[in-house]
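Geometric and topological summary
One letter stands for each residue in the lines below.
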Amino acid sequence: MTAVGTLEGGETDSTGEVRTRRSGRGPVRLVVLAGLVAFVVFGLPTLLDRYWLQIVTSAVIYSIVTLGLGLLIGRAGMVSLCQFLLLAIGAWVALRLEYATSLPFPVLIVVAGVVTGLIGALIGLPALRLSGLYLALITLMAAGAITVVLRIAQFPNGGGGFFGNSAAGGASSRLPRPAIAAGDTAYFRYCVVVAGLMFVLAVWQVRGKSGRAWAALRQSQATAVAAGVNTMLYRLWAFALASFMAGVAGGLLAADSGGVNINQFPVQNSILLLAVVLMGGVYSLWGAVVAALLLRLLPALLDNWGVSTELLTILFGIGILQVLLTAPGGLADQVPKDLANLGRRLRNLVSPKAKRAAPPT
Amino acid sequence: MPDLKPFLVLGFALGGVFAMSGVGLVVLYRATGVLNLAYGAIGATGALITWSLLDSDWAPDWLAYLACIAFGGLATLLYGVLFGPPFAARDPLVKATATLGLLLILLGTMQWVWGRDPHGITLPTTRWNYELFDARVSGTQIIGVVFAIAVTVGTAAFLRVTKVGTAMRALANDREITATLGVPVRRVEAAAWLGSGIVCGGAGLLLSNLVGLDIVGLTFLVIPALAAALIGQLRSLWVTLAAGFLIGIVQSGLTAFSEVAEYRTLTPFVLAILALLWFAIRREQSLVRSSG
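Keep in mind it's a predicted model, so treat the numbers as computed, not measured.

Where helix H5 (residues 132–152) of chain A contacts helix H11 (residues 222–231) of chain B, the two axes come as close as 10 Å, and the packing angle between them is 140 degrees. In this structure, H5(A) meets H11(B) at a crossing whose hand is left-handed. On the side of H5(A), the interface is formed by A:Leu137, A:Leu140, A:Met141 and A:Gly144, while H11(B) contributes B:Ile223, B:Leu226, B:Ala227 and B:Leu230. Taken together, the residues of the contact of H5(A) with H11(B) break down into seven nonpolar, one polar and no charged.

What follows deals with the pairing of strand S2 (residues 135–138) of chain B. All names here are of chain B. As paired elements, strand S1 (residues 129–132) and S2 share four bridges and run antiparallel to each other. Counterpart to Glu-131 in the pairing with S2 is Arg-136. The hairpin formed by S1 and S2 contains two residues between the paired strands, and Phe-133 there has a positive phi angle of roughly 50 degrees.

Right, let's talk about helix H10 (residues 268–280) of chain A for a bit. All names here are of chain A. Its 13 residues place the ends of H10 18 Å apart at the C-alpha level, agreeing with the 18 Å of an ideal helix rising 1.5 Å per residue. Of all 13 residues making up H10, twelve are buried, and the element is well covered by its neighbours. The complete set of buried residues in H10 reads Gln-268, Ser-270, Ile-271, Leu-272, Leu-273, Leu-274, Ala-275, Val-276, Val-277, Leu-278, Met-279 and Gly-280. Backbone geometry just downstream of H10 places Gly-281 in the positive-phi region, at approximately 120 degrees.

Residues and elements named next belong to chain A. Examined against the element boundaries, Ala-291 turns out to sit in helix H11 (residues 286–304). A residue is classified by how many C-beta atoms lie within 10 Å of it, and Ala-291, with 31 of them, is buried. Counting along the chain gives 224 residues from Ala-291 to Leu-67, while the straight-line C-alpha distance between them is 8.7 Å. With residues near it in sequence (within four places) discarded, Ala-291 still touches Thr-66, Gly-70, Val-276, Val-277, Met-279 and Gly-280.

A few words now on the interface of chain B and chain A. Taken together, the 41 residues of chain B in the interface contact 44 residues of chain A. Here the element with the most residues in the side of chain B that touches chain A is helix H4 (residues 92–114) of chain B; it accounts for 17 residues. Here the residues of the side of chain B that touches chain A are counted per class, giving 31 nonpolar, seven polar and three charged.

Reading guide: rules and limits
Residues numbered from 1 in each chain as written. Chains lettered and ligands numbered in written order. Predicted model: local features only at pLDDT ≥ 70, side-chain atom pairs only at ≥ 80, totals over all residues. Axes fitted to C-alpha atoms, helices over the stretch in contact; angles between N-to-C directions. Helix = DSSP H or I, 4+ residues; strand = E, 2+ residues; numbered from the N terminus. Left-handed = near helix turned anticlockwise from the far one by under 90°. Contact = placed C-beta atoms within 7 Å. Nonpolar A, V, L, I, M, F, W, Y, C, P; charged D, E, K, R; others polar. Pairing = 2+ DSSP bridges. Expected span 1.5 Å × (residues − 1). Buried ≥ 20, exposed ≤ 12 C-beta atoms within 10 Å, placed from the backbone.

Geometric descriptors of this kind do not, in isolation, establish any biological role.
Put into structure tokens, the structure is as follows:
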């Protein structure tokens, strides 16, 4: 086994490089980012009605899952197909803990994340020594297995204690929200803050020792071993981190309006999740945001316009093939490039003299 | 002790279909490096086309059944011809992920076209009943077992004896060297896609009879076939055959024991995990031996 699975393919292309450049425009970018976050937290809720606020809240929650899976694929070069069902596990653990204990909400979702992280690591463990293909297969089987367990346990159920089981277990269950975020708008802001913390965690990991170890692993397992990287540990850590994020998102989802029910977690959604993460782009953290919007906002928009959502499944299927064949960086990488190209074309149209300034693409 | 016989009969039949699907997956993987995760979706689409043809009375029944197998072969071949070459140099993980794109395209199409109503196919062989070892056995169940063995024996012989089969084995070892030796790589790969697809169409037709024509259910019945292929280490046809039968029999046999009956669909996952752990231990031992 010389190289673990990467999306870049045989010929290295420019999108393969790890995006951690810190250019002179750093402060400007930081200000723009802060402005954007401020708008999302304070401006956006006032513009949306209740329905769209719920959609955007769930998109924020799902961006944590897509962030984790994006890190796993883009940085560590591994593919997991059970991430969507780990989200269900996270929601479940949070709900069970709420029945069994009186932990405050933030502790609840962190514990849900840690437990989910451990479960994720446990699923990946047998296949970690084998190639990435085996790991993907095991996670696909795990996705099928978790679906079965959820159905048998009558997820989410509502009995007393951690393993409590009530025969009258409701079809849907909702975690009580923290006191400071009881309303829909407040809860939206709460989710944005948690998601923001997760993005900070991701940046910290990618820029630190783990990120360098993953980069080495992604290029060549043999070189990584020769350079003294503990390959098993860092692959396991990538898997556990992605699962942790899915678990935290699950905790948040359990407290979202309407709560959770088993119909939210069909097995094919694991594959849809992979599709949107690839389409969003796995080499940029923005890709996670794009992916979450594709997954939550796009179906709501299509539904609004009366377009059948099954067409979206087909579109996402085409998206997987397209990303793998021609655009490994996904939309987060492609759209700015295309816009820049378009801008250059337009400028050239206006003043043909500027043509020489255009770099060859 | 509950009466296991009816469950074992169904288990053998299901196991047979898992086994031949697994063999179809392994042959394609060995020849092209592609693990076709859309295997179940292709079979399901073929079965739904058959249902539509039967429902419309537009074509004779035998042609409708043949359509399922033909669709399996042609759809797989088309994917292989279109997307095989551009992905040829990529990592097996990328190739397998690409087939998930095909899975979603087919799943979306099926849900769009056929999603609203329930469907079912009954092959004429399902109505033939025999008494075998004091158990009632249907013709379709016998076909499931016989075809699995026939497909495995046939494939093994094909790979060993024919020229195309030899070329496929060469491809499995090294694609570049095989190409240098003058083997028409793309044509041989196309043959592998077609063969694997025909088995896939047949498996879809049989499964739609044995377990029912459920879109999502059939699409994800690729999981037990994958487990069988994985236990065969994506290499051995005979181990895959045995593993397919084992998964089918255990899964179906557990139905008889009410305490664990609900958990029977976890069988492929549990067996595959156990197999992987066993490989890991064996590999470690062989490493220790070779270094010591």
